[in-house]
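# Coordinate inspection notes
Residue strings, one per chain:
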Amino acid sequence: MVGENRTLEQRIRAIEDRLEIYNLIAGHPPSADTGADYYAEAVYTEDGVFDRGSDLSGATGNKAIAASLKSPGHQAAIAGGLAHFTGLPHIALDGDKAIVTSYLQILAPYKSGEPIEVPNHGSSRGYHIHRVVTNRWELARTDTGWKIKRRTIRPVDGSEPSREILRGALKAYEKSV
Amino acid sequence: MVGENRTLEQRIRAIEDRLEIYNLIAGHPPSADTGADYYAEAVYTEDGVFDRGSDLSGATGNKAIAASLKSPGHQAAIAGGLAHFTGLPHIALDGDKAIVTSYLQILAPYKSGEPIEVPNHGSSRGYHIHRVVTNRWELARTDTGWKIKRRTIRPVDGSEPSREILRGALKAYEKSV
Amino acid sequence: MVGENRTLEQRIRAIEDRLEIYNLIAGHPPSADTGADYYAEAVYTEDGVFDRGSDLSGATGNKAIAASLKSPGHQAAIAGGLAHFTGLPHIALDGDKAIVTSYLQILAPYKSGEPIEVPNHGSSRGYHIHRVVTNRWELARTDTGWKIKRRTIRPVDGSEPSREILRGALKAYEKSV
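Described in the following lines is the structure provided in the data block. The structure displayed is predicted, hence computed values, not measured ones. (Residues numbered from 1 in each chain as written. Chains lettered and ligands numbered in written order. Predicted model: local features only at pLDDT ≥ 70, side-chain atom pairs only at ≥ 80, totals over all residues. Heavy atoms only, no water.)

With 50 residues of chain C at the interface, the matching set in chain B holds 50 residues. When the two sides are added together, the surface that chain C and chain B hide from each other amounts to roughly 4,000 Å², 67% of it contributed by carbon and sulfur. Considering only the side of chain C, the residues that lose the most area to chain B are Leu88(C), Tyr103(C) and His130(C), jointly responsible for 18% of the buried surface there. Linking chain C with chain B are three salt bridges. Between Glu16(B) and Arg11(C) there is a salt bridge; the shortest N-O distance is 2.8 Å. (Contact = heavy atoms within 4.5 Å. Buried area = accessible area lost by both parts, 1.4 Å probe. Salt bridge = Lys/Arg side-chain N within 4 Å of Asp/Glu carboxyl O.)

This is how it looks when you write it as structure tokens:
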């Protein structure tokens, strides 16, 4: 992993790339949960693709992806208490490109049911995990930072497409056996 | 993002800062779920503030924040199986200061209900997500490492205060459109 | 934390170690949820131990740990929509060794119950959090990258063993008070 024949500058650059990419992924839930179209417009490439699978509507182009955050449906979800929750992503950096593999939970408050009390933490009906999806982010370095060329999400439901995304994070290990 | 006119030392220092901050955030759930007052006392500044909003009691000063982890209420929550679960935080580093934006789930085991069996993973009543909160951590570098000057949490419930915290992570992008 | 008397090479190496370790932890959920025995075989040492506590069967040796991912039980869990979800891990790096402390959720789709609709996010029965466990990863640097010597997991259920794992992340602070 640690290329000993890289220059110091290359090594530091790769580290900074990794940290910038963590922030790019960490910025996604705040943008989705506030409907921040300006964020989506800035971080997707002009021809960027958001592929949500066959069951939900995706979008193509940074402006269209941004616009979808302002749709009545998405705004209603935000008003209901939408929360995107991302785990630790796996980053495979390859020069000016990177593949990020991550899990995401989409949470919403229960609208009915009995509240539960937890000492020192109030009373709450709690949240349900509405969706768990795997994400494949295909990133490219540009003059204005790392950008998303394609984001693909698939629900974890026992079917193959989600596992296909996950295997993308393990590619380097396939060869090592 | 990558300031090309910074010295090597400045760049490496900024990277080390980022990694130290990740650990600071990652140390919070273990401290909350074990009632480790010594951790809270060490990582908050003397005049640090923990603002939990109007519905739950916060505290001011590292000693008071630490003491709250020893309160009977908090100890009862721990005895019941409390789990704080943090997602990937967004870090905006600015010299000797940093703003971290993160999501946090507060989980507790169900005390009633039917157990569910998952093959190779035992039988369990499972956990409920009691609270989902957004966090804004205002950090400062000190002679003894990065410390918390103010931590603000707000529940994700469709209301504005949580979104205000989240938008803090997107500030750099507001300007770029 | 930042040893000022370390060489530049040592500092950069430590940073690269940290990032490699993040990826090692981030690779675990994809391997568990696809049954990628080749990943487990590659990242555990030959005598590596996976200790799941007294209630679930662990394994010793990278080959045995890998094989358990191919067991009928684990394969059935995957077919049912298993999702491992990891929070931000805490990394305590000490030269050629590291202790990582992390939380993990084990999720599965509800097989019964009423679907809930979230605007713009479809209809779903949702997921239950089957288990929440704390993890202690004892890592060592090898000629072929960072490897797992021992992984210990304990359920968060209010009992002591899980808190013992969590306190491992706070060791440096115990001394500072």
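We are not done yet, so read on.
Taken together, the side chains of Leu8(A), Leu8(B) and Leu8(C) present a nonpolar region at the surface, about 190 Å² in accessible area. With respect to the helices and strands, the residue Leu8(A) is situated in helix H1 (residues 8-26). (Patch = residues over 30% accessible without salt bridge, like charges linked within 9 Å, V, L, I, M, F, W, Y side chains within 5 Å. Areas by Shrake-Rupley, 256 points an atom, 1.4 Å probe, with all protein chains shown as cover. Helix = DSSP H or I, 4+ residues; strand = E, 2+ residues; numbered from the N terminus.)

What follows concerns the side chain of Thr86(B). Topologically, Thr86(B) is positioned in strand E3 (residues 83-86). Residue Thr86(B) is classed as buried on the basis of its relative accessible area, which comes to 6%. (Buried < 20%, exposed > 50% of the residue type's maximum accessible area, 1.4 Å probe, protein only.)

The next subject is the relation of the copies chain A and chain C. When chain A is fitted onto chain C, the two copies agree to an RMSD of 0.0 Å after a turn of 120° and an axial shift of 0.0 Å. The transformation relating the two chain copies, once decomposed into turn and shift, fits a three-fold axis. The C-alpha atom lying nearest the rotation axis in chain A is that of Gly87(A); the distance is 3.0 Å. (Least-squares fit on C-alpha atoms with pLDDT ≥ 70 in both.)

For the rest of this paragraph, the subject is the packing of helix H1 (residues 8-34) of chain B against helix H5 (residues 160-167) of chain C. A pair of packed helices is characterised by two quantities: the angle between their axes and the separation of those axes. For the pair H1(B) and H5(C), the least separation of the axes is 9 Å and the interaxial angle reads 140°. Judged on the interaxial angle alone, H5(C) and H1(B) are oblique. Crossing geometry of H1(B) relative to H5(C) is assigned as left-handed. Together, Pro30(B), Asp33(B) and Thr34(B) of H1(B) and Arg163(C), Leu166(C) and Arg167(C) of H5(C) make up the contact between the two elements. Among the residues making up the contact of H1(B) with H5(C), the classes are represented as two nonpolar, one polar and three charged. (Axes fitted to C-alpha atoms, helices over the stretch in contact; angles between N-to-C directions. Parallel < 35°, antiparallel > 145°, perpendicular 65-115°, else oblique. Left-handed = near helix turned anticlockwise from the far one by under 90°. Nonpolar A, V, L, I, M, F, W, Y, C, P; charged D, E, K, R; others polar.)

Moving on, we come to the environment of Gly113(B). Mapped onto the fold, Gly113(B) is located in the loop between strand E5 (97-109) and strand E6 (116-117). Between the alpha carbons of Gly113(B) and Ser124(B) there is a distance of 9.7 Å; along the sequence they are 11 residues apart.

In this section: helix H1 (residues 8-34) of chain C. Residues and elements named next belong to chain C. The first and last C-alpha atoms of H1 sit 40 Å apart over 27 residues, in line with the 39 Å expected at 1.5 Å per residue. Taking burial as the measure, the 27 residues of H1 include 23 buried ones, the bulk of the element. Positioned one or two residues after H1, Gly35 has a phi angle of 70°, which is positive. (Expected span 1.5 Å × (residues − 1).)

Despite not being glycine, Asn120(B) has its phi angle at roughly 65°, a positive value. For Asn120(B), the location among the structural elements is in the loop between E6 and strand E7 (123-124).

Turning our attention to the interface of chain A and chain C. Residue-level contacts link 50 residues of chain A with 51 residues of chain C. Buried area between chain A and chain C, summed over both chains or domains, comes out near 4,000 Å², and the portion from carbon and sulfur atoms is 67%. Per-residue buried area on chain A facing chain C is highest for Leu88(A), Tyr103(A) and His130(A); these three make up 17% of the total on that side. In this structure, the connection of chain A to chain C is made through three salt bridges. Close ionic contact of Arg6(A) with Glu16(C) constitutes a salt bridge, the shortest N to O distance being 3.3 Å. Linking chain A with chain C are 16 residue pairs in polar contact (both at pLDDT 80 or more), by the criterion used here. Counting only elements with at least two residues in the side of chain A that touches chain C, the list comes to H1, helix H5 (72-79), strand E3 (83-86), strand E4 (90-94), strand E5 (97-109), strand E8 (127-142), helix H6 (160-167) and helix H7 (171-176) of chain A. Counting residues per element, the side of chain A that touches chain C draws most heavily on H1(A), which supplies seven residues. Partitioned by chemical class, the residues of the side of chain A that touches chain C number 28 nonpolar, 12 polar and 10 charged. (Polar contact = N/O pair within 3.5 Å; in protein donor to acceptor, adjacent residues only side chain to side chain.)

With that settled, consider the pattern of salt bridges. Taken as a whole and judged by the stated rule, the model has 39 salt bridges over all chains. A salt bridge links Glu138(A) to Arg136(A); its shortest N-O distance comes to 3.2 Å. Taking the shortest distance from any N to any O, the salt bridge between Arg154(C) and Asp51(C) comes out at 3.1 Å. With Arg154(C) in strand E9 (residues 145-155) and Asp51(C) in strand E1 (residues 44-51), the pair connects residues that are 103 residues apart, well separated along the chain.

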